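What follows is the residue order along each chain.
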Amino acid sequence: MILKKLKDRFNVVLIAFIIVIIVIFFRLASIMIVQGATYREEAENRIFKTIPLTAPRGEIRDRYGRLLAGNRPSFTVQIMKSEIVDERINEVVMNIVKILESNDDKYTDEFPIVLSETGQYEFTYDTELRAWKENNLLEEVTSAEEAFEILLERHNIQEGEDKFEAQRQLIEVMGSIPISVQTWKFTDEMKKENWLVDHRIKDFSISAEEAFLTVREKIYKLPEEYSNEDARKIMAIREQLRKQSYLQFQPVKIAKDISQQSVVQIEENINEFPGINVAIEPVRIYPEGETAAHVLGYVGKISQQWEIDKYIKELDYAPGDLIGKTGVEHKFEEYLKGEDGYQKVIVDSNGRLIRVLETKEPIPGNTLFLTIDLNLQKKAEEVVKDVLAEIRVGGVYETQWGKNTFVSTTSGPRKNATSASTVVMDVKTGEVLALANYPSYDPNLFATGISSSDWEGLMPENERDPLAPRPLNNIAMRTAVQPGSIYKPLVGLAALEQGLSPTYEILDIGYIKIGGHSFGNWRWNQSKTTAGYQNLYEAIADSNNIYFYSLGTGWNYGSNKPLPAKMDVHTMIDYTNRFGLDEKTGIEIDIPTEFSGGVPNIERKTSTIKVLLERQLKRLLKPQDFDATIINPTEENINALIEEIIGWIEENPSRGVVYNRIVDKGINPDIAGTYADLIVHTYFKQASWSIADTMNFSIGQGEHAYTPIQMASYMSILANGGYRYSSSVLRKINDSNGQLVLEDPPELIERVKLNDYSNLDHVNLGMLEVTKTGTARTSFTNFPVDVAGKTGTAQRSGKIPPVDEIQYLKDNLHRFGVGEAAVEARMVELRLENPEDDLYKDDIYAMKLAIIQLSPRKLRIVDLDEYKEDYDNYAWFTAFAPYENPEIAISVLIFQGGSGGYGGPIVREVIAEYMGLNFIETQSYNALDNTFTR
């Protein structure tokens, strides 16, 4: 029977299938029951991990390969969110924080609620905004727009039609300002609102303590066993994890560049810290410290919204990655960023490596080779610092190449000469060989995140003073001021191009009277002497104002007749534009933005004045200023009157006419005089271009505004036969294997259009005489290289604002004839009378107005500055060398240097370094490297 059934194929297959199932069953039973514990232990002790390997950032080297920015190894603590269970995350984070704190290592803490020393909860956004307001005496101002207008008024910046341009000018003076002109909100308030929304809090008025407790309970769900202090530490770390929630398989860096002690303690207890990894990562290092800091820039965390959009969302950077923030670090970020690698490994439950499954080595970033000469850069920075130190004390600067005494019998030491810049450029290529700003900063401070104290140390001591030393300020690219007399060679060139002979002589008559104003030559202003007849060469050498007044206006004031060449302000503007002085030079640095647009637009001046006058009258005119029997002071009627007043600008009526008109229109007679003064003297007289404007323009004063790098480019064009090159700091980019990735050859923009290029030789000969017989002769008496140069002094009007304006006013109340109690009482009354006007919340504004109203003297706002210290003038020096075969052009700008000649020793010592003269004197074999490579 059985045999018969076995002959049935179906039964055979069925029996075989049953036997297989039985075998599998017993095998599974063996694995799960008999050997289960063994296999379970083995599985638990084998963990697959992918360890990211951070690529070193590309190096930055000078033109000869000397290292300017590199990398060093450091230890970084990382958390892999996907490898840690929620139940243990608080415990692990707290233990890691304790280890780091015990060794004084810092961890990333961007949680915006802090506990003050008094135990109060505060939003960091609020404290930062409050501190900024206190520093700028804006404590009572609640509106961002009003704060902006107050700051514009304080710094004499005219908003005009473009609020973004006004913001740019304000940032140039003050550094960053936490105001968005797009939304008219404080940026700290915007950040706070965004954070609250992100943490599911809709009430923007919530207190910091309530927000803290809400986030603790509802977002992070921290048990009560943790104190609020410890809870905050945990939330600071978990905040980093939360930001990267959609990238949970990428490690989050919570502490960088930690000590060896922390590394040992973490590694010894690694089995207690699931998800924690200590990785070796490269950290940016700048071996030369402050040298070339404004060219190199610095690195920092991705923080701004545009950075998040570009780097994280578009380019797949990790949120914890560092990026270039300024300088070439920023401009060439995508070249410098390497390609990260990884290791796929098996580790046991204690984190010990069992096996490496796969490795992809990181690829270092590309290497930048700059045009900068490290030795020349160091020398430039050293000389600028040393010369400034002597200028401030009226001392002596002496080297083997000359001796300079910085003392004035009339003004004494220039104690406020605290900032300067010099740019050295190859005249045949536009390459920047050195760009030195003083003061500077050490970019190493930013490599792993700058501390609050270090950041404060980079801020100006007097934020209200736009000329106070600012280490982060790239003066060479951003600070645009009048060129003073260094502009005169360009005016001379324009006149030659118009047909003037270089030997044509003009009599120096000392001064010229125009419309009640006296325009004098410097000799007359100093000692009531004149220079007699001078031609172009002598006038450049002697920096003769009368000669260049005559050239600029087309009128020979020495002989009172027309100049034998057609010249006017339009001609000067034309040649200024030909030399590219209204444009950026092209240097490859985007942050900070290079200044441009410093050549005035005559046609735009009137329209700008109209806008400014309208804005000022709308802000100042109040219903109480009007006689209600003549006009109903509604907003519509007041605006109509303002439009009518603006329409008088082209007519330019006298002050008396304006006074009578506005009284007839309904403005009270007791205040009409103040408005008439404002309308006529501040606006009407400035609205049209005058002969006085042209005269100032011709000697480099007035409406001009150019930077040191623009002036170096200008000198290069004079020196090289009229060729205009784009300025550059980049020579080439190589990959990590030394292969060429990008070459950046000199870019010739154009040859400046001239009628006769030999006219450049006449101008340059005059500049040679500057260093031989003229205003800079003392700096180059024994110098072995012929140098063509030009000194310049640019006027800086105004008073230096004190650190504490309120205290200054209080200290001088007796001079204004008022008492402190009366002033404070009047301030209260003014605020009650003007409850809707934020201007009166500004203590400075309210106190000044109170003093003016109470003083027995007829004071104007400007009179309250009488006892402040005057600003000194800017000092310029520009040059090129050697004269016969020019190689380099140099510009020097000294804030409050007083005299253009004070830049002479800086130029001299830089040329000596470039020409290898210092190496020859000391018989240093390093001269071979510095000279032959050129």
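Residues numbered from 1 in each chain as written. Predicted model: local features only at pLDDT ≥ 70, side-chain atom pairs only at ≥ 80, totals over all residues. Heavy atoms only, no water.

J.: I would appreciate a short explanation of the overall build of the chain in the present structure.
T.: What the chain contains, in helices and strands, is 37 helices and 31 strands. Each of the three principal axes of the chain carries a C-alpha extent, and together these read 145 × 80 × 55 Å. Per-residue burial for the chain yields a buried fraction of 51% across its 934 residues. Taken as a whole, the chain presents about 43100 Å² of accessible surface, with 50% of it coming from carbon and sulfur. Averaging the positions of the 100 positive and the 138 negative side-chain charges in the chain gives two centres separated by 3 Å. (Helix = DSSP H or I, 4+ residues; strand = E, 2+ residues; numbered from the N terminus. Buried < 20%, exposed > 50% of the residue type's maximum accessible area, 1.4 Å probe, protein only. Areas by Shrake-Rupley, 256 points an atom, 1.4 Å probe, with all protein chains shown as cover. Lys, Arg positive; Asp, Glu negative; His and termini not counted. Charge placed at Lys NZ, Arg CZ, Asp CG, Glu CD.)

J.: Any chance you could explain helix H34 (residues 843-854) here in plain terms?
T.: Since there are 3.6 residues in each turn of an α-helix, residues three or four apart along the chain are aligned in direction. For H34, spanning twelve residues, the distance from its first C-alpha to its last is 16 Å, which sits close to the expected 16 Å at 1.5 Å a residue. Inspection of H34 places Ile844, Tyr845, Ala846, Met847, Lys848, Leu849, Ala850, Ile851 and Ile852 among the buried residues, and these make up the whole buried set. Taken together, the buried residues of H34 touch helix H6 (144-154), helix H24 (602-620), helix H31 (805-811), helix H32 (813-816) and helix H33 (820-833). (Expected span 1.5 Å × (residues − 1). Contact = heavy atoms within 4.5 Å.)

J.: In this structure, what is going on with unusual backbone geometry? I would like to understand it.
T.: Comment: phi is negative for the bulk of residues other than glycine, and the bulk of peptide bonds are trans. Cis geometry marks the peptide bond from tyrosine 438 to proline 439; its omega dihedral reads 0°. Note that proline 439 resides in the loop between strand E18 (432-438) and helix H17 (452-457). Cis geometry is found at the peptide bond from alanine 881 to proline 882, where omega equals -15°. With respect to the element layout, proline 882 can be found in the loop between strand E30 (874-881) and strand E31 (888-894). Although it is not a glycine, aspartate 104 sits at a positive phi angle of roughly 60°. By the secondary structure assignment, aspartate 104 is in the loop between helix H4 (86-102) and strand E4 (113-115).

J.: I would appreciate a short explanation of the packing of helix H19 (residues 488-497) against helix H30 (residues 759-772) in the present structure.
T.: Packed helices, taken two at a time, are described by the angle their axes make and the gap between the axes. Contact geometry for H19 and H30: axes closest at 9 Å, N-to-C directions at 145°. Where H19 crosses over H30, the two elements pack in a sense that is right-handed. For the pair formed by H19 and H30, the contact residues are Pro489, Gly492, Leu493, Leu496 and Glu497 on the first element and Asn759, Leu760, His762, Val763 and Met767 on the second. (Axes fitted to C-alpha atoms, helices over the stretch in contact; angles between N-to-C directions. Left-handed = near helix turned anticlockwise from the far one by under 90°.)

J.: How should the UniProt feature "domain: Penicillin-binding protein transpeptidase" (unreviewed entry) in the chain be read in this particular structure?
T.: Mapped onto this structure's residue numbering, the UniProt feature "domain: Penicillin-binding protein transpeptidase" (unreviewed entry) falls at residues 421-599 and 686-798. Structurally, residues 421-599 is divided into 29% helix and 17% strand, and its ends, taken at the C-alpha atoms, are 21 Å apart. For residues 686-798, the helix share is 32%, the strand share is 20%, and the end-to-end C-alpha distance is 18 Å. (UniProt positions renumbered as here; feature names shortened; annotations may be inferred.)

J.: Could you clarify how one ought to interpret helix H28 (residues 691-698) in this entry?
T.: For H28, a buried count of six out of eight residues is recorded, marking the element as mostly surrounded by other parts of the structure. Inspection of H28 places Ala692, Asp693, Thr694, Met695, Phe697 and Ser698 among the buried residues, and these make up the whole buried set. In the core, the buried residues of H28 are packed alongside H19, strand E20 (511-514), strand E21 (517-520), helix H22 (545-553), helix H23 (569-578) and H24. At the exit of H28 stands glycine 700, carrying a positive phi of roughly 80°.

J.: Would you mind showing me how to read the pattern of salt bridges here?
T.: Side chains bearing opposite charge may pair, as long as their charged atoms lie close to each other. For the structure shown, the criterion picks out 53 salt bridges. The shortest N-O distance in the salt bridge between aspartate 309 and lysine 313 comes to 3.5 Å. Taken as a pair, aspartate 309 and lysine 313 lie in helix H13 (residues 305-314) at a separation of four residues, close to a single helical turn. The partly exposed category is assigned to aspartate 309, whose relative accessible area is 29%. Residues joined by salt bridges that share partners form a network here, namely Arg464, Glu805, Lys848, Asp865 and Lys868. (Salt bridge = Lys/Arg side-chain N within 4 Å of Asp/Glu carboxyl O.)

J.: Could you clarify how one ought to interpret the sheet that holds strand E17 (residues 420-426) in this entry?
T.: Whether parallel or antiparallel, the strands of a sheet pair through hydrogen bonds between backbone atoms. Strand order in the open sheet made by the five strands is E18-E17-E31-E30-E29, with antiparallel pairing throughout. Only two strands of the sheet have a single partner each, and these edge strands are E18 and strand E29 (788-794). Neighbour to neighbour, the strand axes of the sheet diverge by 5° on average, direction disregarded. In this sheet, E31 lies alongside E30 in antiparallel orientation, the contact comprising seven bridges. Bridging from a neighbouring strand, alanine 881 pairs with isoleucine 888 of E31. The strands that helix H29 (residues 708-719) touches are E17, E18, E30 and E31; relative to E31, the one it contacts most, it runs at about 145°. (Pairing = 2+ DSSP bridges.)

J.: What is the right way to read the pairing of strand E26 (residues 730-734) from this model?
T.: It is a general feature of regular strands that their side chains alternate between the two faces of the sheet. As paired strands, strand E14 (residues 367-370) and E26 are joined by four bridges and run antiparallel to one another. Bridging from a neighbouring strand, leucine 368 pairs with isoleucine 733 of E26. Sheet topology places E26 next to strand E27 (residues 740-743); three bridges connect them, and they run antiparallel. The partner of isoleucine 733 across the bridge, within E27, is leucine 742.

J.: Explain the environment of glutamate 83 to me, please; I cannot follow it from the model alone.
T.: Checked against the element boundaries, glutamate 83 lands in the loop between strand E3 (67-79) and H4. Taking relative accessible area as the criterion, glutamate 83 reaches 27% and is therefore assigned partly exposed. Taking the C-alpha atoms as reference, glutamate 83 lies 30 Å from asparagine 194; in sequence the two are 111 residues apart. When residues no more than four places from it in sequence are discounted, the contact partners of glutamate 83 are Lys49, Pro274 and Gly275.

J.: Sorry, what's going on with a nonpolar patch on the surface here?
T.: Taken together, the side chains of Leu14, Phe17, Ile18, Val20, Ile21, Ile22, Ile24, Phe25, Phe26 and Leu28 present a nonpolar region at the surface, about 970 Å² in accessible area. Looking at the secondary structure, you find leucine 14 in helix H2 (residues 9-34). Overall, leucine 14 belongs to the partly exposed group, its relative accessible area being 38%. (Patch = residues over 30% accessible without salt bridge, like charges linked within 9 Å, V, L, I, M, F, W, Y side chains within 5 Å.)

J.: Sorry, what's going on with the pairing of E30 here?
T.: For E30, the buried fraction is high: eight of the eight residues fall into the buried class. Neither face of E30 is open: one carries Tyr874, Trp876, Thr878 and Phe880, the other Ala875, Phe877, Ala879 and Ala881, and all of them are buried. Sheet topology places E29 next to E30; seven bridges connect them, and they run antiparallel. Paired with alanine 788 across the strands is phenylalanine 880, a residue of E30. Two successive antiparallel strands, E30 and E31, enclose a turn made up of six residues.

J.: Explain the side chain of glutamine 701 to me, please; I cannot follow it from the model alone.
T.: Examined against the element boundaries, glutamine 701 turns out to sit in the loop between H28 and H29. For glutamine 701, a relative accessible area of 5% gives the class buried. In this structure the side chain of glutamine 701 is engaged in a polar contact, spanning 2.8 Å, whose partner is the backbone oxygen of threonine 793. With sequence-adjacent residues up to four places away left out, glutamine 701 is seen in contact with Gln482, Gly484, Asn696, Thr793, Ala794 and Gln795. (Polar contact = N/O pair within 3.5 Å; in protein donor to acceptor, adjacent residues only side chain to side chain.)

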